[in-house]
Amino acid sequence: MARSDKLYSVAAIFDKPDGIIHAAEKVKDAGYKQFDVNTSYPIHGMDNAMGLSSSKVGYVTLAAGLFGGTFILLFMWWTLAESYPLFIGGKPFFSLPAFFPITFETSILFGAVATFIALITVFFKLPYNNHPLHDTNYMKRVSVDKYGIYILAEDEKFDKDEIIELFKSLGASSIELIYLPKEEKYGMLQPKFMLFLLVVIVGISGATYFTLNKLMYMTPFNWMEYQDKSNPQESSLFFADKRSMRTPVEGTVARGFIPYPYKGIAYPKEVLSNPTLPSKEILKLGKEKYLTFCSPCHGDYGEGTSRLNGQFPTGPTQHSDKVRNYKDGMLYHIITNGQNSMPAYDKQISRKERWAIVDYIRVLQRAKNAKKSDLVEIKKESSTNGQ
Amino acid sequence: MPEEIDTKNKKTENKREPNYWKGFKEIYNDPEFSKKVNEDLTESKPKDANGMSRRKFLAFVGASAALAGAACTDYRDKGEIIPYNKMPEEISLGKPNFYASTCTLCPNSCGILIRTREGRPIKVDGNPEHPVSKGKICVKGQASILDLYDPDRLKGPLRKSKTGIFLKTPWLAANKTFITALDNADKQIAVITHKINSVTTKKLLGEFTKKYPNTKIYSYELFDNTIRNNAWKKSYGTDFYPIIKWDKAKVIVALQSDFLGTEGNRVENARLFAEGRDVDKVKNFNRLYSVEADMSLTGSNADYRLKLKPELQYNFVMSLLNEINRKTNIKIPINVSKFSLKSFAKKYSLDAKKVEFLVNDLIENSGKSIVYAGRSLPEKTHIAVNLLNEILGNTKLYNRKTSNYSVAGLSTYGDFYKLITDMKNGGVSVVIHFDSNPVYHLPDNMGYKKALKKVETVATLTESANESSEVSNFVFATNNQLESWGDAKTRTGFYSLQQPVIAPLYNTRQKEAVILQWVKGLNSKFKENLYHKYLMDNWRATIYPTLNSEIEFKRFWYGILNDGVVLKNEKIKSFGKFKNSSLSGLTTSPVKPNGFTVVIKESYALGDGRQANNGWLQELPNSLAQITWDNYAAISKKTAKKLQVQNNDNIKVDTGSGEKVYPVFIQPGAADNTVTIDSGYGRTKVGRVGEGAGFRISGLMSGKPTFSPWIYTNVKVARAEGTYTVVTDQEHHVFEKKPTENIFKKRGILFEGTVAEYEKDHKFLKNEREEERIVTPAIYPRHPELYKDVKWGMAIDLNKCLACGDCVIACNSENNVPIVGKDQIGRGRRMQWIRIDRYYSVSYDEPIISTQPMLCQQCDDAPCENVCPVAATTHSEDGLNQMIYNRCVGTRYCANNCPYKVRRFNFYNYRDRFKDGFQEEQLFDLIYNPEVTVRSNGVMEKCTFCIQRIMEEKAEAIREKRKIIGENVKVACQVACPTSAIKFGDINAKKSKFVKYRNHELGYYVLEEVNTKPNVTYIAKLRNTHTEES
Amino acid sequence: MSVDYSKDMVLFDRNPELVELEELISKPIDTRPSKKYFIALAITSTMLLIGVIAAGITFYYGIGTWGNNQTIAWGFGITNFVFWVGIAHAGTLISAILFLLRQRWRNAIARFAEAMTIFAVMCAGIFPIIHLGRPWLAGYLFPYPNSMNIWPNFFSPLDWDVFAVSTYMTVSILFWYLGLIPDFATLRDKTTSKIKKIVYSFFSLGWRHSNRHWRDYEKAYMIFAGLATPLVLSVHTVVSFDFAAAIVPGWHSTIFPPYFVAGAIFSGFAMVVTVLIVVRKIFDMENIITVNHLDKMNKIILLTGSMVGYAYLMEVFISWYSGVPTEQYVAINRAFGDYAWAYWIMVSCNTLFPQFFWSRKIRRSIPAMFVIVILVNVGMWFERYVIIVSSLQRDFLPSSWTYFTPSIIDLGILLGSFGLFFTMILMFTRTLPVVSMSEIKAVVEGAQPSHHGGAN
């Protein structure tokens, strides 16, 4: 690399481990602080020779390990007992014994990874690929079989010639002056780089699209998202009309759906008789359905005042004598079959519900012109309820 | 000492090219770029360069983000939603409808109830209103849904060209040419049909005959009760053998008869029989003796089983008569002195003790016992049996309220011989196969097929191509029974109606409609409701008046369609007295057996082979041999040794009417020197599923049988070349000696006792279990949040369970279980969620058979749940061991850890693999239950107590604002079980009927020692053997 | 930390110069490999290719292509998994446990053993994934945050496996790489090729052999060894839990953890020896990887082999003593049932043949030991096979008893896994120093100061 003429350090090479140890001690004793020894393998006793304290890296491991353990244990508790509790094999949500293995493994994982990262970045300050020492003969030699020591220019006691003398006296096999490399700058804007960037972007997007929308839906991938069965209203290519829902064959009778005999007849001679008793439940059901289906036109109390005031033909009142004299069956018939502009409701409202509505209409009619006796009845009711 | 100081390194450095990685510069070593950079370096503020780059870079980042975003969005086609244009009243989306109808697959004509979803039939069950089948239906009926959706069905009428290939042709053309053929027919027109149970069809054929006077109707069944009925006619002078009140019988002696499996109306038989096996009325437990050559379902359920060659049955009955006469001097109207039971038993190595018991039981329970001869036995045996029942006064057990009713009788082999000779010398101009397949069914040596060549016009009305359609010039594609109208009468006292549940899927017409069209001629245009109208008119005209109901016809008609049946009070004429004259035909000296005997048995699953293309039936393991996809020659171990054959070796069987080769299967408990072969296999012209499954039996049968059409004595059997692998689902251990001697008892899989033991001490099993059981304490306390409301459980009464396998088919149909095919079964990869386990014990020759339906036990502490790494199987608050298919990654660890081995893994995408995508045909989408996931390749599955039905009830309960009621949920297997051996309900509903079974003294859990706390209780089987036995 | 290096000079038949040593070690990397090498590579990569194809078919068609059935749901897949994990353990044992035990002779083989560990774990790691019914959902086994809030089931031994094996993989790689950094630096400073220079610089992270770094480096190395030791024991313990925690008779046994760990070390060492014998021949490193090394390893094989044998006996005893009929029957069935052949292969290969190592001659004779270690490898594979298959085929309900026959695909994948392993090994020997330079240098005669570190 291009070197500036700014001196970085003075370095010396020794041939024997004894020599380097000796040198290191001497340099230390001479009071230099900013110096280091480079040997291609750890030399024994060098730490003492250089007067280094013992390493601190162990604390990182301990902390990380403990953290990892506690974290995963809490995590498992949270997932299985808080976030999404599941009954598994009749075990309690949090059953410690089963969690030991994972806790143990994770502590080790955290410990190891943290140690490694800390070691490289914090303790070694690596990666550092343009360190002044690199690509010097000094480095090349110590990295193979020689033993090197160097003193940095920053050291306050630093004096080039003095140090050279010192090294000579210590019996260095060679001495080398190492200069700092030149400052280098280069902008990141560069057509090829940009092109490269673009290619990467397009490539990644394309790949993502292909994977998410095509690949993932080829065999063998199967997400059971679309299954070989016909859900309601799904299409089926088997039938010409692409309808998987079929209409029952003309003239067949499904259990409990004996066709309404007076379908299509406006005023049948005879009508069905009401199978329901106006019990509380039935009336409740009837009210619910009446308010849902009938009230918009016939009004909440059947007095024929439409909520849709005029945008739609207003349904007649339920309180006319005509309607009051209708048989239950007739009302049922009208709901089932429709009348004038009123459509047939047999598809929306189940049979039971239709009868319930009829019963409820009866209640409304009775309420509109109640007799004395009714009031008495009602009083009794309420008083008995009161007790 | 070092020489001069080396300070040259500076210069050398400058000389040297930098050769370590420093940035993109080196990566693309581009001179003009480095030049540019150097410029940058010289004037040391590279603002525009960097400024530019930053902006540009941001732009790029933005672009990439946008692109990536676009890429991640999902552009796939999600299919379309197609609602009804005009919603039918009865249909509400997601809710099933039920249609009552009649099954027409066999002469029994049971009532069926078809479950439909959005107008598509998805399941077939029995019709509860039906007086005979009472809400139950056999496997064939259940599986018929698969026939409807069979892709191999005929898509429309076909006409054979000069060159002999079939061409599609429109109905009109086909009818035109055929009607002209009919009109020009100067000789006989033969209509060949199966048994006709429909009064309307009979009327229709009548009209056809009226139009074409030279028409003759022939009808046949591969298996029928002719012999029995003839014998009865001889003995009593009335038409039919009566219906038996099995439920009232104390002692049942079945002679070469599989009345629980295949004979008569097995659904009814099974139900009534099981009523005599009610653990709560242990006093009137019946005792079943089975004397048979093959190993039948009935035999496996017998309390005492005796092996006897069929031809010896006569001697046996006569010896019984003799013995009875000796013990109680009841007079026997025939000389039986030559038959000594003792020497007989000795000679044919029958267990003297058992025989002794049998005789005594018959005598003690005279009037409450029944001796029942198999339909395949010859007439004289039947007469002898009638006599035996008569003298024992067992006629009390004949049902006098109702009797069989035959709309139209069957033709005899004789009639067919006549027909064939006519055909041979050109006396027949048209043959119409009316949904029948005589080419396959009739004995080969009658030469029907050859004779057919002499007939110029042959028409076949059939649902799917078969052997007969192969050799006809016209093939009229007909509707499936679920697309057809009809009626049936099999017994006095009621009619049943058949109605379609879906419009014809293909361009097919119902077979009656086709005939009707011919009758009416072409100037009347065909309408879909043609036969519907005809049927209604017939009823209005003929049947409605006889029922004298007040309601006007239309509403009455709707009423019966709703119920499926209509009752009618008919008197049955008395049976008449026993005629001793009938005994004249009986030989008074014992017959000698010689050589081998071949027994041709109706296959439990396939019947006479009509449904050979039905994967469910093909894959339903024979409940004893556990063999699927094939029939085989079942022989005893001794016989195998004699012939020097192993399983899967071929043997030659020669009945005199033809030599055929079958693979051997060594059946424990089979009688020596007999070969039993199932019918219904070996279809040569059939769909993709059925082809290559098994071997024909018609080759063995003879049109002029010497002994009986289904039993051939004095047969030559020898080792043949080669082998053929029949696949079985269960290894054939007989747990006779250490270390596996009745291993299943030691392991607490099966507990059994005798009625006597039970009566002595109701708690005997409990105590036994207590002392055997090692109580391992639970590590964790019961989870506080579990089972607070309902808890689902099942109880299986092994006294009632006959191991028929009906539940298996019901489950397949309900839960979209795929068909896997023969090779996969062979590799031990069956998919059925419920299986019938079968254990032989004691010895190979006289095995004791124990069976047990095995399904997911829904354990409280399920081992499978603990080991699933992705929590794809977990427990629900109401006690279900749930399976979350979409979460399953397929480690199969749960299957390993399941002690009951009830988990089923999709080793392939079977829908794709079986017969290359047979089950992926569009049509198959329609059959699947929409409420159940269709599982993919690599997913584990198992029984979930029909959770979809539980959910139905939950929804119902919520809608009606009430609590869930356990009894309301009926799981598929429970509904299907003909003997109601399977009970299902809420364990926490303390007062319910189910809980009574749950905590029955005879109840136990399988593998209690493993302590998984299962929720399926098994009621131990009580064998009704004699006290001195146990 | 202070370790005495001076003890292990014996390991060298003669006293090489550091440079020479270095040349020797980096020779395979710098020189063009011989024909032998390429032949070997061709063979192994073919095996690998077969494996890849087989795995591809499995992936496409499903597990049905294997021999497994409803009863025996685990077959070759898990057998191979356990087998390879076992192999892996030797590496860590040599590099970590022997390091802590101050077994200096390990230096010569540590790097190699670690490499093997990593490759073996790679082989092992493949199986749990390809044996899944839906491998593309393997991610479900990891606890990743998702919209459904569904998490894996931490009760499941298989999920423990996920954590154990992935941790093991990570730690092994870090440990290995840590050891490689100085060597990368050395290579970087030696090489003349530009590309190599870039690559080595990249991986050496700019290491400078600085003693201030060596101090922390050695400490960290020590810590890693300390972490790896319990880890390696735990990993195979967890693997054994896959069986021990299940209720299947023949699996549900408390001696599995020690039994498996012993087995792992046993098979691992056998594999190391197998490979070393070949490698030291090909790259003539007899001086570095000496017969002494092999001798020492054979001793360990002998020891662990005997432990495994003891475990076999104990299993039978326990099943008898338990009084559980199912357990007893499985034991009987193993020895005399359908899989007796497999069982006796396992017993003879794992307990009988290693006993020959009692004699020093056999311990030190290359051919003899080669045969034995191969047999041990075979035996150990069959051990896992027997445990898995023969237990499942005769479990609780006799109705579901059945037999397992492997399919061609099964065999293909097994072959492929060996292919992968040896291909990796061969690549490794070409690209990285098979012996740790820095470590080996440290134990050469005169590599350490004579008057320091208490040489006397």
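Residues numbered from 1 in each chain as written. Chains lettered and ligands numbered in written order. Predicted model: local features only at pLDDT ≥ 70, side-chain atom pairs only at ≥ 80, totals over all residues. Heavy atoms only, no water.

1. Notes on the overall build of chain B
Keep this limit in mind: Secondary structure elements follow DSSP: runs of H or I no shorter than four residues count as helices, runs of E no shorter than two count as strands, and numbering proceeds from the N terminus. Buried means the residue's accessible area, taken with a 1.4 Å probe over protein chains only, is under 20% of the maximum for its type, while exposed means over 50%, and partly exposed covers the values in between. The method behind every accessible area is Shrake-Rupley, applied with a 1.4 Å probe, and residues are considered shielded solely by the protein chains displayed. When charges are counted, neither His nor the chain ends are considered; positive counts come from Lys and Arg and negative counts from Asp and Glu. Note that the charge is assigned to NZ on lysines, CZ on arginines, CG on aspartates and CD on glutamates.
Looking only at helices and strands, chain B has 35 helices and 38 strands in total. Each of the 1030 residues in chain B was classed as buried or not, and the buried ones make up 64%. Here chain B displays about 37,700 Å² of accessible surface, and carbon together with sulfur accounts for 55% of that area. Of the side chains in chain B, 153 bear a positive and 119 a negative charge, and the two mean positions are spaced by 4 Å.

2. Here we look at the overall build of chain C
Heads up, the rule is: C-alpha atoms define the radius of gyration, and 2.2 Å times the number of residues to the power 0.38 defines the globule rule. Here, two residues are considered to be in contact whenever any of their heavy atoms come within 4.5 Å of each other.
Looking only at helices and strands, chain C features 15 helices and zero strands. Expected size for 456 residues packed as a compact globule is a radius of gyration near 23 Å; at 23 Å, chain C falls within 12% of this value. In terms of principal-axis extent, the alpha carbons of chain C reach across some 75 × 55 × 45 Å. Buried residues in chain C amount to 66% of all 456 residues. Within chain C, residue pairs in contact and separated by at least 24 positions form 81% of the contacts whose partners lie at least 6 positions apart. Per element, the accessible surface of chain C, about 15,200 Å² overall, is 73% carbon and sulfur.

3. A look at the pattern of salt bridges
Short version of the rule: Put simply, a salt bridge is a Lys or Arg side-chain nitrogen that is within 4 Å of an Asp or Glu carboxyl oxygen.
Applying the stated criterion across every chain, the model contains 80 salt bridges over all chains. Residues Asp-346 of chain A and Lys-347 of chain A are paired through a salt bridge, measuring 3.4 Å at the closest nitrogen-oxygen approach. Across the pair Glu-953 of chain B and Arg-962 of chain B runs a salt bridge, and its minimum N-O distance is 2.9 Å. For Glu-953 of chain B, a relative accessible area of 7% puts it in the buried group. For Arg-962 of chain B, a relative accessible area of 27% translates into the label partly exposed. Each member of the salt-bridge network shares a partner with another, and the members are Arg-117, Glu-118, Arg-120 and Glu-931 of chain B.

4. Some words on the packing of aromatic side chains
Selection criterion: Any two of the Phe, Tyr and Trp rings considered here, Trp counted by its six-membered ring, make a pair once their centres fall within 6.5 Å; the pair's planes then place it as stacked at under 30 degrees, edge-to-face at over 60, or tilted in between. In this scheme, Lys NZ or Arg CZ marks a charge over a ring once it lies within 6 Å of the ring centre and within 35 degrees of the ring normal.
Per the stated rule, a full pass over the model turns up 128 aromatic pairs over all chains. With a centroid separation of 5.7 Å and 25 degrees between ring planes, the pair formed by Trp-74 of chain C and Trp-251 of chain C is classed as stacked. Here Trp-74 of chain C, found in the loop between helix 2 (35-61) and helix 3 (76-100), pairs with Trp-251 of chain C, found in the loop between helix 7 (211-244) and helix 8 (256-282); they are 177 residues apart in sequence, far enough to count as distant. Trp-251 of chain C carries the same exposure label as Trp-74 of chain C, and that label is buried. Ring centres 6.0 Å apart and planes at 75 degrees place the aromatic pair Tyr-339 of chain C and Tyr-385 of chain C in the edge-to-face group. Of this pair, Tyr-339 of chain C sits in the loop between helix 10 (325-336) and helix 11 (340-352) while Tyr-385 of chain C sits in helix 13 (residues 366-393), and the two are 46 residues apart along the sequence. For Tyr-339 of chain C, a relative accessible area of 2% puts it in the buried group. A network of ring pairs unites the aromatic residues Trp-232, Tyr-236, Tyr-241, Trp-246, Phe-259, Phe-273, Tyr-372, Tyr-398, Phe-575 and Phe-578 of chain B as a single cluster. Lying across the ring of Tyr-140 of chain C, Arg-887 of chain B places its NZ or CZ 4.5 Å from the centre.

5. Comments concerning a positive patch on the surface
Residues and elements named next belong to chain B. This is how it is decided: Patch construction takes residues with relative accessible area above 30% that form no salt bridge. Like charges are linked within 9 Å, and nonpolar side chains (Val, Leu, Ile, Met, Phe, Trp, Tyr) are linked within 5 Å.
Together, Lys-424, Lys-449, Lys-450, Lys-453, Lys-454 and Lys-704 make up a positively charged patch on the protein surface. Looking at where Lys-454 falls in the secondary structure, it is placed in the loop between helix 17 (448-452) and strand 13 (457-462). Among the residues examined, Lys-454 registers a relative accessible area of 52% and is labelled exposed.

6. Notes on the interface of chain C and chain A
Rules: Here the term charged refers only to Asp, Glu, Lys and Arg, the term nonpolar to Ala, Val, Leu, Ile, Met, Phe, Trp, Tyr, Cys and Pro, and the term polar to all other amino acids, Gly among them.
Taken together, the contact between chain C and chain A spans 75 residues of the former and 77 residues of the latter. In this assembly, chain C and chain A are joined by one salt bridge. A salt bridge links Asp-135 of chain A to Lys-197 of chain C; the shortest N-O distance between them is 2.8 Å. With 19 residues, the single largest contributor to the side of chain C that touches chain A is helix 7 of chain C. Grouping the amino acids of the side of chain C that touches chain A by side-chain chemistry returns 42 nonpolar, 19 polar and 14 charged.

7. Thoughts on the confidence of the model for chain C
Residue and element names in this part refer to chain C. Our working rule: A score between 0 and 100, pLDDT records how confident the predictor is in each residue.
Per-residue confidence for chain C averages 87 on the pLDDT scale, and 95% of its residues sit at or above 70. Predicted confidence for residues 452-456 stays below pLDDT 50, and this span has five contacts to residues more than four positions away or in other chains. Overall fold confidence (pTM) sits at 0.89, and the ipTM for the predicted complex is 0.88.

8. Considerations on the side chain of Lys-800 of chain B
Residues and elements named next belong to chain B. Here Lys-800 is to be found in the loop between strand 28 (792-797) and helix 27 (806-814). Put simply, Lys-800 is tucked away with no salt bridge, and the nearest opposite charge, on Asp-278, sits 4.4 Å away. Sequence-distant contacts of Lys-800, that is, excluding residues within four places in its chain, are made with Ala-274, Arg-277, Asp-278, Thr-979, Ser-980 and Ala-981.

9. Overview of the sheet that holds strand 23 (residues 674-678) of chain B
Residue and element names in this part refer to chain B. Counted only if it meets this: Should DSSP find at least two bridges between two strands, the strands are taken to pair. Fitted lines through C-alpha atoms give the axes, limited to the stretch in contact for helices. The angle between two N-to-C directions lies from 0 to 180 degrees.
Sheet architecture is closed into a barrel: six strands sit in the order 18-23-20-22-21-24, paired in mixed fashion. When strand polarity is set aside, the average angle formed by the axes of neighbouring strands in this sheet is 45 degrees. Strand direction decides the pairing type here: strand 21 (residues 649-654) and strand 22 (residues 659-666), joined by five bridges, are antiparallel. Within strand 22, the residue paired with Asn-650 across the bridge is Pro-663.

10. Describing the environment of Ser-436 of chain C
Residue and element names in this part refer to chain C. So the rule is basically this: Any N or O atom pair separated by 3.5 Å or less is treated as a polar contact, with the protein-specific requirement of one donor-capable and one acceptor-capable atom, and with residues adjacent in sequence counted only for side-chain atom pairs.
Looking at the element boundaries, Ser-436 is found in the loop between helix 14 (408-431) and helix 15 (437-442). For the pair Ser-436 and Ala-108, spaced 328 residues apart in the sequence, the C-alpha separation amounts to 7.1 Å. Among all residues touching Ser-436, those that are not within four sequence positions of it are Arg-111 and Asp-183. Looking at Ser-436, its side chain comes within polar contact range of the side chain of Ser-438, at 3.5 Å.

11. Comments concerning empty space enclosed by the protein
Residue and element names in this part refer to chain B. Note the threshold: Here a cavity denotes a set of grid points, spaced 1 Å apart and computed over the protein atoms alone, in which a 1.4 Å probe fits but from which it cannot get out, and a pocket denotes an open set meeting protein on both sides within 12 Å along at least five of seven lines; residues with an atom within 4 Å of a point are reported as lining. Grid points are joined across faces, edges and corners, and a volume is the space filled by probe spheres set on the points.
In this structure the tally under the stated criterion is 16 cavities of 30 Å³ or more. Its volume calculated, the largest cavity comes out at about 380 Å³. Mapped onto the lining of the largest cavity, the elements with two or more residues apiece are strand 19 (627-628) and strand 23. In terms of residue count, strand 23 provides more of the lining of the largest cavity than any other element does, three residues in total. Its residues placed into classes, the lining of the largest cavity shows 16 nonpolar, nine polar and six charged.

12. Section: the pairing of strand 3 (residues 147-152) of chain A
All names here are of chain A. Within strand 3, six of the six residues are buried, leaving the element largely enclosed by the surrounding structure. Burial along strand 3 is two-sided: Tyr-147, Ile-149 and Ile-151 facing one way and Gly-148, Tyr-150 and Leu-152 facing the other are all buried. As defined by bridge partners, strand 1 (residues 3-14) adjoins strand 3 across six bridges and the pair is classed as antiparallel. Each residue of the ladder has a partner; that of Ala-12, found in strand 3, is Ile-149. Of the strand pairs in this sheet, strand 2 (residues 35-39) and strand 3 are connected by five bridges, and their pairing is antiparallel. Paired with Asn-38 across the strands is Gly-148, a residue of strand 3.

13. A short note on the sheet that holds strand 2 of chain A
All names here are of chain A. Strand order in this open sheet of four strands is 2-3-1-4, and the pairing throughout is antiparallel. Only two strands of the sheet have a single partner each, and these edge strands are strand 2 and strand 4 (174-181). In this sheet, adjacent strand axes meet at a mean angle of 30 degrees when their direction is disregarded.

14. Thoughts on a nonpolar patch on the surface
Residues and elements named next belong to chain A. Side chains of Leu-74, Trp-77, Trp-78, Phe-94, Leu-96 and Phe-100 sit close together on the surface and give an oily, nonpolar patch of about 580 Å² of accessible area. A per-element tally of the nonpolar patch places helix 3 (residues 57-83) first, with three residues. Along the chain, the position of Trp-78 falls in helix 3.

15. Here's the deal with helix 14 (residues 379-392) of chain B
Residue and element names in this part refer to chain B. Inclusion rule: Expected helix span is given by 1.5 Å per residue-to-residue step, counting one fewer step than there are residues.
Taking 1.5 Å as the rise per residue, helix 14 with 14 residues should run 20 Å; its terminal C-alpha atoms sit 20 Å apart, in good agreement. Among the residues of helix 14, Thr-381, His-382, Ile-383, Ala-384, Val-385, Asn-386, Leu-387, Leu-388, Asn-389, Ile-391 and Leu-392 are the ones counted as buried. In this structure, the buried side of helix 14 is in contact with helix 8 (226-236), strand 8 (251-255), helix 11 (313-327), helix 13 (352-364) and strand 11 (369-373).

16. Some details on the pairing of strand 30 (residues 848-854) of chain B
All names here are of chain B. Of all seven residues that make up strand 30, six are buried, and the element is covered over most of its length. Note that strand 29 (residues 835-841) and strand 30 share seven bridges and pair antiparallel. Residue Ser-841 lies in a different strand from strand 30, and its bridge partner there is Ile-848. What sits between strand 29 and strand 30 in their antiparallel hairpin is a turn of six residues, with Val-842 showing a positive phi close to 70 degrees.

17. Some details on the side chain of Glu-105 of chain A
The topology assignment puts Glu-105 of chain A in helix 4 (residues 100-123). Buried and unpaired, Glu-105 of chain A has no salt bridge, with Arg-384 of chain C as the nearest side chain of opposite charge at 16 Å. Those residues in contact with Glu-105 of chain A that lie beyond four places of it in its chain are Phe-163, Ala-164, Thr-167, Leu-231, Ser-234, Val-235 and Val-238 of chain C.

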